[in-house]
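If you want the building blocks of each chain, they are given just below.
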Amino acid sequence: MKEVRVSDLRQRLPEFLAMVVRGERLRISSRGKVIAEIGPPSKMGDTAASARAQLKNSVLRYDAPMEPSIEPDEWQMNR
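No experiment lies behind these values; they were computed from the predicted model shown.

Now for the overall build of the protein. Counting its secondary structure elements, the protein contains three helices and three strands. Mapped from its N terminus to its C terminus, the protein presents α and β elements in the order β-α-α-β-β-α. Relative to its length of 79 residues, the protein is extended, with a C-alpha radius of gyration of 24 Å against a globular reference of 12 Å. C-alpha atoms of the protein, sized along the principal axes, occupy 60 × 35 × 15 Å. Taking all 79 residues of the protein together, 13% fall into the buried category. In the protein, of all internal contacts separated by at least 6 residues, the share reaching a separation of at least 24 is 28%. For the protein, the exposed surface amounts to about 7,300 Å²; the carbon and sulfur share of it is 54%. Seen as two clouds, the 14 positive and the 11 negative side-chain charges of the protein have centres 13 Å apart.

With that out of the way, let us pick up the side chain of S29. With respect to the element layout, S29 can be found in strand β2 (residues 26-30). Looking at S29, its side chain comes within polar contact range of the side chain of E3, at 3.4 Å. Among residues more than four places away in sequence, those in contact with S29 are E3, V4, R5, V6, V34 and I35.

In this section: the confidence of the model for the protein. Overall, the prediction assigns the protein a mean pLDDT of 85, with 92% of residues at 70 or greater. Within the protein, no element has a lower average pLDDT than helix α3 (residues 44-55), which sits at 75, and none a higher one than β2, at 97.

Conventions adopted
Residues numbered from 1 in each chain as written. Predicted model: local features only at pLDDT ≥ 70, side-chain atom pairs only at ≥ 80, totals over all residues. Heavy atoms only, no water. Helix = DSSP H or I, 4+ residues; strand = E, 2+ residues; numbered from the N terminus. Rg over C-alpha atoms; globule rule 2.2 N^0.38 Å. Buried < 20%, exposed > 50% of the residue type's maximum accessible area, 1.4 Å probe, protein only. Contact = heavy atoms within 4.5 Å. Areas by Shrake-Rupley, 256 points an atom, 1.4 Å probe, with all protein chains shown as cover. Lys, Arg positive; Asp, Glu negative; His and termini not counted. Charge placed at Lys NZ, Arg CZ, Asp CG, Glu CD. Polar contact = N/O pair within 3.5 Å; in protein donor to acceptor, adjacent residues only side chain to side chain. pLDDT = per-residue confidence, 0-100.

In structure tokens, the structure reads:
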């Protein structure tokens, strides 16, 4: 990953954006400290499919949905 100073990024932004389009990631630094990273976007389809796979079969079933799921004395708010 290439490190780029903010001042260089301002002066040569089109060049650095072209690098990102080619798939490279850039680490942006200001006064020697990394403040950001720029990279190509992740594929939304992959992210959504991954999220669905993680959530599948994770929902609990409650037989009495109108009843509290925990006892009233267990609520932090009631203390």
